[in-house]
Amino acid sequence: MGPRRRSPVALRTAIALGASGLVIFGVTVPSATAADNVMRADGSAGRACYESVQSRRAAGIDQREMTSTVDGLIQARLAPRDGAEGDWDLAVFDKATGKVVAASAALRSRELAESFVKKDQQLIVQACRYSGSARTVTVGVDFLALTPQGTPTGVAEQAQRAEVVRVETPERTDKSKLLALGLDVTEKGDETGIEVVLADDADRKTLRDSGLRSTVINPDLSKTSREDAARDREYAATTQASGLPSGRTSYRHLYEYEFELKELARKNPKLVKAFTLPNPSVEGRDVLGVEIATDVANIADGKPVNFTMGVHHAREWPASEHAIEWAYELVNGYQKDPAIKSLVGKTRNIVVPIVNPDGFSISREAEPKGDFSRFDYEMKRKNCQAADSPPQFRTGVCKANPAGRERGTDPNRNYATFWGGNGASPNWNSDTFRGAGPFSEPETRNIRELVSKRQVTNLITLHTYGNLILRPPGVADTRAPLDEPVLKALGDKMASRNGYRSIPSWGLYDTTGTTEDWSFWSTGGLGYTFEINTAGFHPPFQNAVVAEYTGTAPAAGAGKGGNRAAFLDMLGSAADPAQHATLIGSAPRGYQLKLHKTFQTPTSPVLQPDGSTKPPIYVTDTLDSTYSSTGGRFAWSVNPSTRPYVAGRYGREPQGPPQATLPLANPAGVPAENTQYPGNPVAESMPFTIKGLPEVDNGRFDVVVEWASTDTDWDLYVYNAAGELVTSSAAGGTKSERATLFDPPPGNYTAVMVNYDQVDPANPDDWGNGRIEFAPPIPPTYGTKEAYTLTCTNRIGRLVGIADVFADRGQTVDVGEVCTNSARATKDRRR
Ligand code: 0X9
Ligand code: ZN
C-alpha cells in the first residue's frame, strides 16, 4: 500500500522537562512547584485505579486536576522515583462525567495512559499505589494537539467505501499473484479462494487490473463496524454475566487486561504469578503475562510448559480475550474441576494475552471507523516501529502520525525462521512488513527469549479470522517435518472441538517469519496458529468471544466444546510424556541441572523490493533451561534434542508401483460458455477410478488437459465420490490445466471441465489430450541428530557433571547420576 493521503499534524504544547527527564504538566496546574510531579501515598489502594475517581484522601490515592490545552491526545506517564520500584497504576478521568479517559495498570510503576481529549476538557489524573514499598512515584503529563484523525489538509476527499470480496484463486499461482498485489488478505479462505479487504478505489483498481475474479462478501465494512460496536454496547448493557470463565460481557481495554492479570496473581499467590516480559514495546509499554502452576514460583520444577498467547495483530481483539479467559479457566478449574486440577498439576501454563500492546491500545481506543483507510486506527494490524519509515513518516506518536495505521512492523513476519521469504513484505508501509531484520522487534524478542529459556512443549498463538488451526510449515516450498503426523493428529483433535479446519499453514497461502515456524523448527515444541471465527477481526463479543470460546451457536464448535475444549486438548498434550521427551535420573537436592543448545539457522534468501534475492542471514539461537533438583530421582519434561529444522522431512516409502496413466476422454460436443460455475452447473463430467494397495501406491495424481489457444479458458474441478471438491485448476492465459492431489484415497472421482471463455464461440477451441498421471510417494529424508549439553552444578555453583544427551519425541532417557559422575558421557536412548 502506497502513501495515499496527506498527513495530520501533531504539535507538542505545554512542554517542560522535569529533573527526571519526563514532561511535567505546564500552565494548567495552579501554583506549580517542583513537588507537583511527585505522587505520594502511604497505603495501598486495593482496587482498580481506573474504576472510579476516588476521594483525594482515600488510602493509596493521589491526584492532580488539570485542563486540556489542546484538541488532541493526552499522554500521562508514571515512572519510579528514588530507585524504589513498587507497583503504581494510573488513570485519567473526565471531571464532568467521571468517565475514564485513559489508564494503565502494568506490574511495575512504568505506566503510559494515552487517549484523546478536547481543548478545555477538565481532567483528573489519579495515581494509585497497588503494591510494593514505593511511597512516591513521578508523574508526567503531555498534551499533543492534532488535527482530526485522517482529515486531509489539502483538497476535500470523498470518504471511500471499504468492502470484503472473495477472490477466486483456484491455482497456487493465483494465490501468489494475489499476495503480490499488496492488498489486505485475510485468513478466511479455502483451496480455491480467499477473502480480501478492499479499502478504497485504488485497491479496487489494483484487483481489477490483476484480472483475478472476485465476488462481494460485505459491501460496506464501516457500516458493519458501527453496527458491531452498537451490538457490543447492547450485549454488555443487557447481560449480567456471560458463560465465559470470567463472566465478562465486553472487549477489555489494555489496562483491564493488566489489572486482571495481577489480580489473578494476588488472589492466587501459590498458583499464579504475573510477570513482565524482558523488552518494553516500541512506545515503552510493559508486556505482561501470567504463569499458572502448582507452586508457581518454582519455575525450575521440570514440568512441560504450555504457552498460549494472543494479539500479535492489534485489531484481532478476540485473540487476547480467548487467552485471558483461558487463564481464568485454569484458575477456576484448579479449584472446582478435578480433571483440570490434575492437568494443571502436571504442567506449567504461560499466558501472554497481548504480545503487541502498543498496537492493541491504538485499535481498541480508536473510533469504530472500519473503512481500512490509512487513518482507520481501529483496523491497525502492526506494532509501532517507526525506524524503517521514510523520515517524514517517523514523526508523531503511533496513535496519531502521518503514516496512520501503516506505521510498524508485522510481528508475525519478524521471527527468524524463513524470514525474508514469500508471504512477507520488504516495504515499511505494507500490512505484512517483515521488519529491518529477523527479531528486529521487541515483541518478537520477548517471545523468543521466553521460549528459549523454558521447555515450551506446546504453543498456541491466537489470531482472527478464518476458523482455522494452522500448523507448520508456513511456506509451501518447505516440506513437512518428520513430526507431521504428530502435528496433524493434535491439530485435527483440537479442530474436532472448535469446528475449524486443521491444515498446514501454507495450505492457505505462504507466510514467512511467523511465530510457530520459528518456535517449532527451532525447539520442536508443537506450535499452532488459531484463526478464531469467520465474521471479521473483532466482530460482536457475544459471537467471537463467548460463543467461540464456550462452543455455543453460532460458532462452528457449537455443541463440540469450542475453543475451551480445544485448549484443554492442548493442555492434555502438554501433560502427556508421549508427546515430548523426558529426562530421568537422580541428583542431590539443591543441585541445578542445565540443558544448553546453540545453533545457527538460515533465514530464507532475502527477497528484495526489486524481486531479486540476497543470501540468507544466519541467526544464532541459544536454548537454555534449568531443572532444580529436590533430591533423589527426577523426571524433566523437555523438547526433543534434535531440532525439526535438521531432523529430516516427512515422507512415505512406496509400497508398490504407482498406477499407470489413465486417459481422460472428451465427451462429444462442447458445453456452452459458463463464467458462473458452480452457480451455473453447465459443464462436462468425466468419471475415473483411483486404485490403491496392494496393487498400486499413488503418492499423487495430476489431472491434465490441453487446448490450442491461450485466449481460450477451460477450468478443471475434481470431486471425490462424496461430491467434495478435492482439487482444481482454473488458470487464465494458459493452454492447459493441471490439478494435483497428494496421497489420493482410492475410489471413484469425477473430473469436471467448465468452458469459461472462447475467443470464437462459433469455432470452439475444445480441450484434448486429457489424462491422469500418477507419481510414487516421496520417501522421508533423515537429517542429522543433535544433542543437548546437560550440565550439573552443585549448591555453590561449581560444575560437577556434564553429558551430551540425545532425546527423541516420546522417549524417556535415563541420564543416571549426572551430578556425581563428572566424566563427559553420551546419554542416548536408554530407557
Ligand atoms: O498472516 C498472519 O500472520 C496470520 N493470519 S492473520 O489474518 N491473523 O494475520 C496467519 C499466519 C499463518 N498463515 C498462513 N501461512 N497462511
Ligand atoms: Zn493475525
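A quick note: this is a predicted structure, and the numbers were derived from the prediction, not measured.

Rules of the game
- Residues numbered from 1 in each chain as written.
- Chains lettered and ligands numbered in written order.
- Predicted model: local features only at pLDDT ≥ 70, side-chain atom pairs only at ≥ 80, totals over all residues.
- Heavy atoms only, no water.
- Helix = DSSP H or I, 4+ residues; strand = E, 2+ residues; numbered from the N terminus.
- Buried < 20%, exposed > 50% of the residue type's maximum accessible area, 1.4 Å probe, protein only.
- Donors = N, O, S within 2.8 Å, 3.2 Å for Na, K, Ca; no water.
- Disulfide = S-S within 2.5 Å.
- Pairing = 2+ DSSP bridges.
- Axes fitted to C-alpha atoms, helices over the stretch in contact; angles between N-to-C directions.
- Arc of directions from axis to C-beta.
- Contact = heavy atoms within 4.5 Å.
- Polar contact = N/O pair within 3.5 Å; in protein donor to acceptor, adjacent residues only side chain to side chain.
- Core = buried A, V, L, I, M, F, W, Y, C linked by side-chain atoms within 4.5 Å.
- Near = heavy atom within 4 Å.
- Nonpolar A, V, L, I, M, F, W, Y, C, P; charged D, E, K, R; others polar.
- UniProt positions renumbered as here; feature names shortened; annotations may be inferred.
- Phe/Tyr/Trp six-rings, centres within 6.5 Å; stacked < 30°, edge-to-face > 60°.
- Lys NZ or Arg CZ within 6 Å of the ring centre and 35° of its normal.

1. Some words on the environment of A668
For step 1, the next point in the chain: Of note, A668 is situated in the loop between strand 31 (662-663) and strand 32 (684-690).
For step 2, the next point in the chain: Under the relative-accessibility criterion, A668 is labelled exposed at 80%.

2. Topic: the coordination of the zinc ion (ligand 2)
For step 1, the next point in the chain: Only H313 (ND1), E316 (OE), E316 (OE) and H463 (ND1) from the protein reach the zinc ion (ligand 2) as donors, at distances of 2.0 to 2.3 Å.
For step 2, the next point in the chain: For the zinc ion (ligand 2), the single-chain donor residues occur in sequence as H-x2-E-x146-H. Residue H313 is found in the loop between strand 18 (305-310) and helix 5 (317-336), and its partner H463 is found in strand 20 (residues 456-463); the two are separated by 150 residues along the sequence.

3. Considerations on the state of the cysteines
For step 1, the next point in the chain: All told, the structure shown has three disulfides when counted by the stated rule.
For step 2, the next point in the chain: What pairs with C792 in a disulfide is C819, and their sulfur atoms sit 2.0 Å apart. Across the S-S bond linking C792 and C819, the dihedral sits near 95 degrees, which makes this disulfide right-handed. Of this pair, C792 sits in strand 40 (residues 788-793) while C819 sits in the loop between strand 42 (812-816) and strand 43 (825-828), placing them 27 residues apart in sequence. Residues C792 and C819 agree in their burial class; the two are buried.
For step 3, the next point in the chain: Within the chain, bonded cysteines paired by disulfides and numbered along the sequence follow the pattern 1-2, 3-4, 5-6.

4. With respect to the sheet that holds strand 13 (residues 184-190)
For step 1, the next point in the chain: Taken together, four strands build an open sheet; the order of strands is 13-14-12-15 and the sheet is antiparallel. In this open sheet, the two strands that pair with only one neighbour each are strand 13 and strand 15 (214-218). Ignoring strand direction, the axes of neighbouring strands in this sheet form an average angle of 30 degrees.
For step 2, the next point in the chain: Across six bridges, the pairing between strand 12 (residues 163-168) and strand 14 (residues 193-198) is antiparallel. Residue E163 lies in a different strand from strand 14, and its bridge partner there is L198.

5. Points about helix 2 (residues 201-210)
For step 1, the next point in the chain: Of all the residues in helix 2, the buried ones are D203, R204, L207 and S210. For helix 2, the angular spread of the buried residues around the axis is 125 degrees, confining them to a single face. Helix 2 presents R208 and D209 as exposed residues on the side facing more than 90 degrees away from its buried surface.
For step 2, the next point in the chain: In this fold, the buried residues of helix 2 make contact with strand 12, helix 1 (172-180), strand 14 and strand 15.

6. A look at the side chain of E484
For step 1, the next point in the chain: Position of E484 among the secondary structure elements: in helix 9 (residues 484-498).
For step 2, the next point in the chain: Using a relative accessible area of 10% as the deciding quantity, one classes E484 as buried.
For step 3, the next point in the chain: A polar contact of 2.9 Å, which involves the side chain of E484, links it to the side chain of R471.
For step 4, the next point in the chain: Excluding residues within four positions of it along the chain, E484 makes contact with R471 and Y650.

7. Remarks on the nonpolar core
Nonpolar side chains in soluble globular proteins generally cluster together in the buried interior.
For step 1, the next point in the chain: Residues I292, M494, Y528 and F530 are the most contacted members of the largest nonpolar core, which totals 60 residues.
For step 2, the next point in the chain: Looking at this core element by element, the count peaks at ten residues for helix 5.
For step 3, the next point in the chain: If we skip the residues at most four places from it in the chain, F530 touches I460, T461, L462, H463, L468, I469, M494, N498, N563, A566 and F567.
For step 4, the next point in the chain: Membership of the second largest hydrophobic core comes to 23 residues, among which are V70, A76, A102 and V141.

8. What about the pairing of strand 23 (residues 526-531)?
For step 1, the next point in the chain: A large share of strand 23 lies buried, amounting to six of its six residues.
For step 2, the next point in the chain: Burial along strand 23 is two-sided: L526, Y528 and F530 facing one way and G527, T529 and E531 facing the other are all buried.
For step 3, the next point in the chain: As judged from the six bridges shared by strand 20 and strand 23, these two strands associate in the parallel manner. Paired with L462 across the strands is F530, a residue of strand 23.
For step 4, the next point in the chain: The pairing of strand 21 (residues 468-471) with strand 23 spans three bridges and is classified as antiparallel. Note that in strand 23 the partner of I469 across the bridge is F530.

9. Observations regarding the site of ligand 1
For step 1, the next point in the chain: R381, N412, R413, T511 and E531 are the nearest of the 15 residues found near ligand 1.
For step 2, the next point in the chain: Between ligand 1 and R381, the relevant distance is 2.5 Å, taken from an oxygen atom to a side-chain nitrogen or oxygen of the residue.
For step 3, the next point in the chain: At 2.7 Å from a nitrogen atom of ligand 1 is found a side-chain nitrogen or oxygen belonging to E531.
For step 4, the next point in the chain: The residue inventory of the shell around ligand 1, partitioned by class, reads three nonpolar, seven polar and five charged.

10. A word on the UniProt feature "active site" (unreviewed entry) in the chain
For step 1, the next point in the chain: In the numbering adopted here, UniProt assigns the feature "active site" (unreviewed entry) to E531.
For step 2, the next point in the chain: Structurally, the position occupied by E531 is in strand 23.
For step 3, the next point in the chain: Relative accessible area serves as the criterion here: at 4%, E531 is assigned to the buried category.
For step 4, the next point in the chain: For E531, the residues in contact, after removing those within four places along its chain, are E187, H463, T464, Y465, G466, N467, L468, L470 and Y500.

11. Looking at the packing of aromatic side chains
For step 1, the next point in the chain: Taken as a whole, this structure holds 28 aromatic pairs when the rule is applied.
For step 2, the next point in the chain: Between F439 and W518, the ring centres sit 5.6 Å apart and the planes meet at 90 degrees, which makes this aromatic pair edge-to-face. A residue pair is termed long-range when its members are at least 10 positions apart, and F439 in the loop between helix 7 (357-365) and helix 8 (442-453) and W518 in helix 10 (residues 515-523) qualify at 79 residues. You'll find F439 and W518 in the same group, each marked buried.
For step 3, the next point in the chain: Measuring from ring centre to ring centre gives 5.0 Å for Y465 and F537, while their planes differ by 80 degrees; the resulting arrangement is edge-to-face. Remark: F537 occurs in the loop between strand 23 and helix 11 (541-550) and Y465 occurs in the loop between strand 20 and strand 21; sequence separation between them is 72 residues. Side by side, Y465 and F537 carry an identical accessibility label, which is buried.
For step 4, the next point in the chain: Among the aromatic side chains, those forming a connected cluster through ring pairs are W326, Y500, F530, Y549 and F567.
For step 5, the next point in the chain: Directly above the ring of F537 sits R315, whose terminal nitrogen or CZ lies 3.9 Å from the centroid.
For step 6, the next point in the chain: In this arrangement the basic side chain of R364 is found over the ring face of W317, its NZ or CZ atom lying 5.0 Å from the centre.

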